[in-house]
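# What the coordinates show
This is what each chain is made of:
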Amino acid sequence: MTGVPSDLEIARAARIRPIEEIAAAAGVNPGALEFYGRYKAKIDPGRLDAPAPHGRVVLVSAMSPTPAGEGKSTTTVGLADSLARAGRNVMIALREPSLGPVLGMKGGATGGGYSQVLPMDEINLHFTGDFHAITSANNALMALVDNHIYQGNALNIDPRRMTFKRVLDMNDRALREVVIGLGGPSQGVPRQDGFDITVASEIMAVFCLATDLADLRARLGRITFGYTYSRVPVTVADLGVQGALALLLKEAIKPNLVQTIAGTPALVHGGPFANIAHGCNSLIATQTARRLADIVVTEAGFGADLGAEKFMDIKARVGGLAPSAVVVVATVRALKMQGGMAKDDLTRPDLAALEAGVENLRRHVRNVEKFGVAPVVAINRFASDSEEELDWLLAWCAAQGVPAAVADVWGRGGGGDGGDDLAALVLQALDVPGRFRHLYPLELPVEDKIRTIAQEIYGADGVDFSVPALRRLADIERNGWGGLPVCMAKTQYSFTDDASRLGAPKGFTIHVRDLLPKTGAGFIVALTGAVMTMPGLPAAPAALRMDVDPDGNPVGLT
Ligand code: ADP
């Protein structure tokens, strides 16, 4: 073969086993398995004949992302394969890809190289229909709200103060702002509306934080979708449709079982945005995996300042989880970019740029320690990395007292020997007794929670609240939401709220411009800078490369 095979070529050449074999090996009783084709199945946790959650959780997070790529999903899959190769009973819990980014810029989200989950095309495209169900539930709510207003508006909903939008699992900037209800009295009440991408829907966040179907129903009921003319919050329970929405989600809420190239079982379920939401797969999937396996490897979106912090302070709190180890993925390329090197130069060895950029990794690693969890650095090896750079980075980690290993799970696979060193370090970290703690107690006022995250995790001097944000803080206290955790919406590219400030900046202020109470999900979103809840497509979308051959085989998925 000439050149490097693409992710799709590797995935298609891999031997994929019938899903019942994977399920049987993972200890799933046949009665709990619901087939979606030959290689995908849902697991009904209510019918699962397995003990209570007991598996230890390994969280895979990363340094600050760059366009050079870090490979969190790839490392998650490869690490789990390596742990399985070392004889451990392991399971993966990952997010489901969103169709918009698949067709747009990012391509797929099923790992890469020889560390992928299969069937990659089906997981990336529609999968088992969960996102369709979430889209339907979201849009059913909005149709019911607009119908309520049209039918006389007994709840006194102010159409100008809606906080919920319609959604679509697509990058479609033309739908960001729309006006609905035009055409005369029989077409509804005109109002300004808009579309978000499905993964930004609060229903996605609710779905991913629910502990079971009853909790899902209760959380749906607590969603605030708008305010009355007298500025009182209106919830789904006020409208009385939480039951219908839960009904629409009753199948989707069961986790999806698939396999890696090496045959390790993986639950791929739910996929909230990592900015406006918490960026982790469903809690139900994580807990189901913890019932079946001794070790669960899972991932949180963006860098550790966002993904890991939200995992620790939001998801772990709801689920009563205590992660036993955190893997911080770093690459030589991304570190050199953090050190000021241009993207086009990254293949050139440059120890000075690496040394400058490593400060970014240092801050992330020290942050993880603040949660009382042992960090392990995974250096995701790229073909362009020089031995000198890799050795320097390993020596730097050793000098910091942080265990680190070079992982070549992309090139050699975790099923091969590409992740053996990393797996050995993770197993050692799991033996260190846990002292897990959250960063802040829930009793702290919301502004102090934000300040704690900004100062402790980002390294900011302080926080500046805009006038609207200060007003919103008062509303939050008045409405009794002050005890909720905070979900920071900040650029993933920098510790600051300015995407262009790389490395480990000091002497900056975080600017909170607004606060969005997500009372169903159970957190307060703090908006810093602009946050895109409906992305657009790039000039040359990934869709231009995609095709399907006459036999139905996919072409051009990455
Ligand atoms: P993340 O989860 O951090 O977004 P992914 O694991 O999805 O990153 O990887 C992003 C892309 O980078 C994928 O296309 C993957 O194949 C590629 N990639 C990851 N690791 C490597 C590597 N070591 N060498 C080359 N390409 C890689």
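The rules we used
- Residues numbered from 1 in each chain as written.
- Predicted model: local features only at pLDDT ≥ 70, side-chain atom pairs only at ≥ 80, totals over all residues.
- Heavy atoms only, no water.
- Helix = DSSP H or I, 4+ residues; strand = E, 2+ residues; numbered from the N terminus.
- Rg over C-alpha atoms; globule rule 2.2 N^0.38 Å.
- Contact = heavy atoms within 4.5 Å.
- Areas by Shrake-Rupley, 256 points an atom, 1.4 Å probe, with all protein chains shown as cover.
- UniProt positions renumbered as here; feature names shortened; annotations may be inferred.
- Buried < 20%, exposed > 50% of the residue type's maximum accessible area, 1.4 Å probe, protein only.
- Near = heavy atom within 4 Å.
- Polar contact = N/O pair within 3.5 Å; in protein donor to acceptor, adjacent residues only side chain to side chain.
- Disulfide = S-S within 2.5 Å.
- pLDDT = per-residue confidence, 0-100.
- Pairing = 2+ DSSP bridges.
- Axes fitted to C-alpha atoms, helices over the stretch in contact; angles between N-to-C directions.
- Expected span 1.5 Å × (residues − 1).
- Arc of directions from axis to C-beta.
- Phe/Tyr/Trp six-rings, centres within 6.5 Å; stacked < 30°, edge-to-face > 60°.
- Lys NZ or Arg CZ within 6 Å of the ring centre and 35° of its normal.
- Domains from an automatic or database assignment.
- Salt bridge = Lys/Arg side-chain N within 4 Å of Asp/Glu carboxyl O.

This next bit is on the overall build of the chain. A count of helical and extended segments in the chain gives 18 helices and 26 strands. For 558 residues, the compact-globule estimate of 2.2 N^0.38 gives 24 Å, and the C-alpha radius of gyration of the chain, at 23 Å, lies within 12% of that figure. Dimensions of the chain, computed from C-alpha atoms along their principal axes, come out at roughly 70 × 55 × 50 Å. Here the contacts in the chain between residues at least 6 apart in sequence split such that 74% fall between residues at least 24 apart. A total accessible area of about 21000 Å² is found for the chain, and carbon and sulfur atoms account for 53% of it.

Moving on, we come to the UniProt feature "binding site: ATP" (unreviewed entry) in the chain. The positions UniProt marks with the feature "binding site: ATP" (unreviewed entry) are Thr66, Pro67, Ala68, Gly69, Glu70, Gly71, Lys72 and Ser73. Summarising the element assignment, Thr66 is placed in the loop between strand S3 (56-62) and helix H3 (72-85). Residue Thr66 is classed as buried on the basis of its relative accessible area, which comes to 8%. Not counting residues up to four positions away in its chain, the partners in contact with Thr66 are Ala334, Met337, Gln338 and Tyr493.

This brings us to the site of the ligand. Within the structure, the ligand sits among 12 residues, and Lys72, Ser73, Thr74, Asn380 and Arg381 are positioned closest to it. Between the ligand and the protein, one listed contact pairs an oxygen atom with a side-chain N or O atom of Asp7 at 2.9 Å. In the model, an oxygen atom of the ligand is placed 2.9 Å from a nitrogen or oxygen of the Ser73 main chain. Computed on the free molecule, the ligand has an accessible area of 570 Å², of which 79% lies beneath the protein chains in the complex. Ranked by residue count, the leading element in the shell around the ligand is H3, at three residues.

For the structure shown, the criterion picks out zero disulfides. Left unpaired, Cys280 is separated from the closest cysteine sulfur, that of Cys208, by 8.4 Å. Given a relative accessible area of 0%, Cys280 falls into the buried group.

Moving on, we come to the confidence of the model for the chain. Residues at a pLDDT of 70 or more form 99% of the chain, whose mean pLDDT is 95. Scored as a whole, the predicted complex attains pTM 0.97, and scored at its interfaces, ipTM 0.99.

Bringing the sheet that holds strand S12 (residues 224-228) into the picture now. Taking strand neighbours across the sheet as the criterion, the three strands line up as S7-S12-S13 in an open arrangement whose pairing is antiparallel. In this open sheet, the two edge strands, each paired with only one partner strand, are strand S7 (157-162) and strand S13 (233-235). The average angle at which neighbouring strand axes cross in this sheet is 55°, direction not considered. As judged from the two bridges shared by S7 and S12, these two strands associate in the antiparallel manner. The partner of Ile157 across the bridge, within S12, is Thr228. Sheet contacts for helix H6 (residues 130-150): S7 and S12; angle to S7, the most-contacted strand, approximately 130°.

Considering the arrangement of structural elements, one finds Asp448 in helix H17 (residues 446-458). Asp448 gets classed as partly exposed once you look at its relative accessible area, which sits at 26%. Here the alpha-carbon distance between Asp448 and Val463, two residues 15 residues apart in the chain, equals 9.4 Å. Polar contacts involving the side chain of Asp448 include one to the side chain of Arg451, which spans 2.9 Å.

Here we take up helix H15 (residues 387-400). With 14 residues, H15 extends 20 Å from end C-alpha to end C-alpha; this agrees with the ideal 20 Å at 1.5 Å per step. Inspection of H15 places Glu389, Leu390, Leu393, Trp396, Cys397 and Gln400 among the buried residues, and these make up the whole buried set. Buried residues of H15 fall within an arc of 125° about the axis and therefore sit on the same side. In this structure, H15 carries Glu388, Ala398 and Ala399 as exposed residues pointing more than 90 degrees from its buried face. As for H15, its buried residues are in contact with helix H13 (332-338), helix H14 (351-370), strand S18 (374-380) and strand S19 (404-407). Following H15 by one or two positions, Gly401 adopts a phi angle in the positive range, close to 75°.

Looking now at the packing of aromatic side chains. Two measures describe an aromatic ring pair: the distance that separates the ring centres and the angle between the ring planes. For the structure shown, the criterion picks out zero aromatic pairs. In this arrangement the basic side chain of Arg363 is found over the ring face of Phe495, its NZ or CZ atom lying 5.0 Å from the centre.

What follows concerns the domain arrangement of the chain. Per the domain assignment, the segments of the chain are domain 1 (53-122 + 260-430), domain 2 (130-249) and domain 3 (446-528). Here the C-alpha centre of domain 3 lies 25 Å away from the C-alpha centre of domain 2. With 10 residues of domain 2 at the contact, the number on the domain 3 side is nine residues. Where domain 2 meets domain 3, there are zero salt bridges. Between the two partners, domain 2 and domain 3, sit seven residue pairs in polar contact (both at pLDDT 80 or more). Elements represented by at least two residues in the side of domain 2 that touches domain 3 include exactly helix H7 (202-209), helix H8 (213-222) and S12.

Hydrogen bonds along the backbone pair up the strands of a sheet, which may run parallel or antiparallel. Pairing in this open sheet of three strands is mixed, and the strands run S21-S24-S23 from one edge to the other. Each edge of the open sheet is held by one strand with a lone partner, namely strand S21 (486-489) and strand S23 (514-518). Within the sheet, the average angular offset between the axes of one strand and its neighbour, ignoring direction, is 25°. Sheet topology note: the S23/strand S24 (residues 523-527) ladder contains five bridges and is antiparallel. Of the residues in S24, the one forming a bridge with Lys518 is Phe523. Strand contacts of helix H18 (residues 467-478): S23 and S24, with the helix running at about 30° to S23, the strand carrying the most contacts.

Turning our attention to the pairing of S21. Residues Val486 and Met488 point to one face of S21 and Cys487 and Ala489 to the other, with burial holding for every one of them. Relative to S24, S21 runs parallel, the two sharing four bridges. In the strand pairing of S24, Cys487 is matched with Val525.

Turning next to the pattern of salt bridges. Any two side chains of opposite charge can pair, so long as their charged atoms come close to each other. Applying the stated criterion to the full structure yields 30 salt bridges. Between Arg160 and Asp158 there is a salt bridge; the shortest N-O distance is 2.8 Å. A relative accessible area of 66% means that Arg160 is categorised as exposed. A relative accessible area of 0% means that Asp158 is categorised as buried. The salt bridge partner of Lys254 is Glu251, with a shortest N-O separation of 2.8 Å. Given a relative accessible area of 10%, Lys254 falls into the buried group. By sharing partners, the salt bridges in this structure join Glu34, Lys250, Glu251 and Lys254 into a single network.

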